[in-house]
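Close look at the chain arrangement
Residue-level listing of the chains:
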Amino acid sequence: LNGPMGLASLPYVAIMNSNEGPAINLFNACEASLSSPGGNPLKLTIETDFPLSGLVAIRVDSPKKERFTLRIRIPQWSSNTLLKVNGRIMEVSPGTYAAIDRTWSPDDLIELDLDMSCRILDAPRGSNRSGDYFKALVRGPIVLSRDENMDPEYNEAVSIISKDGYVDIIPEPPTLPGTRMQFRIPTTEGMISMV
């Protein structure tokens, strides 16, 4: 599979349908029209600025009341996810699908709050032994990096300050045009910026 073909297939996997009901895999803002398991029209509207934040609102518009199971992917990286259906908290587990089996009505609301905490991860140990001490900073699903266009010391080693594998990062206004996210990162040498 090449890159353009992969991008073209995203609409087919973002929200998938089955005989039991839809499954939401991706959290980009969108509107999807599909059929319910009973053959009725069903509209799902996702409102979010994900991945800038982890807040996702999903409106389920089922003009006819119907019971079916709607599944929502709970990413493995989201260790403290909050999921609510019409204000009622649902139990979820990272790395699974939350299966919401209920009678759906017009304008039901699902609220998802994904854990966007910044984690520090070891690089995989491979055949290149010089990479054994490399780390990655990951905020939600996004890998952060130092940008040579704003940090002349981008390739210098730093020791990032973390606690239990998490890093307290501070959002800051982007320095460069086209940058969507920028954060201050604490290191033993002082703060650095990553995008």
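Details of the structure are given in the entry above.
Residues numbered from 1 in each chain as written. Predicted model: local features only at pLDDT ≥ 70, side-chain atom pairs only at ≥ 80, totals over all residues. Heavy atoms only, no water.

With that settled, consider the environment of Arg-67. Note on placement: Arg-67 falls in strand 6 (residues 66-74). Residue classification places Arg-67 among the exposed residues on the basis of a relative accessible area of 55%. As a C-alpha pair, Arg-67 and Asp-107 span 40 residues in sequence and 15 Å in three-dimensional space. Once residues within four sequence positions are removed from consideration, Arg-67 is found in contact with Asp-101, Arg-102 and Thr-103. (Helix = DSSP H or I, 4+ residues; strand = E, 2+ residues; numbered from the N terminus. Buried < 20%, exposed > 50% of the residue type's maximum accessible area, 1.4 Å probe, protein only. Contact = heavy atoms within 4.5 Å.)

Right, let's get into the packing of aromatic side chains. The tally for this structure, following the rule as stated, stands at three aromatic pairs. Between Phe-27 and Phe-50, the ring centres sit 5.7 Å apart and the planes meet at 80°, which makes this aromatic pair edge-to-face. Of this pair, Phe-27 sits in the loop between strand 2 (23-24) and strand 3 (30-35) while Phe-50 sits in the loop between strand 4 (41-48) and strand 5 (55-61), and the two are 23 residues apart along the sequence. A residue is classified by how much of its surface remains accessible, and Phe-50, at 14% relative accessible area, is buried. (Phe/Tyr/Trp six-rings, centres within 6.5 Å; stacked < 30°, edge-to-face > 60°.)

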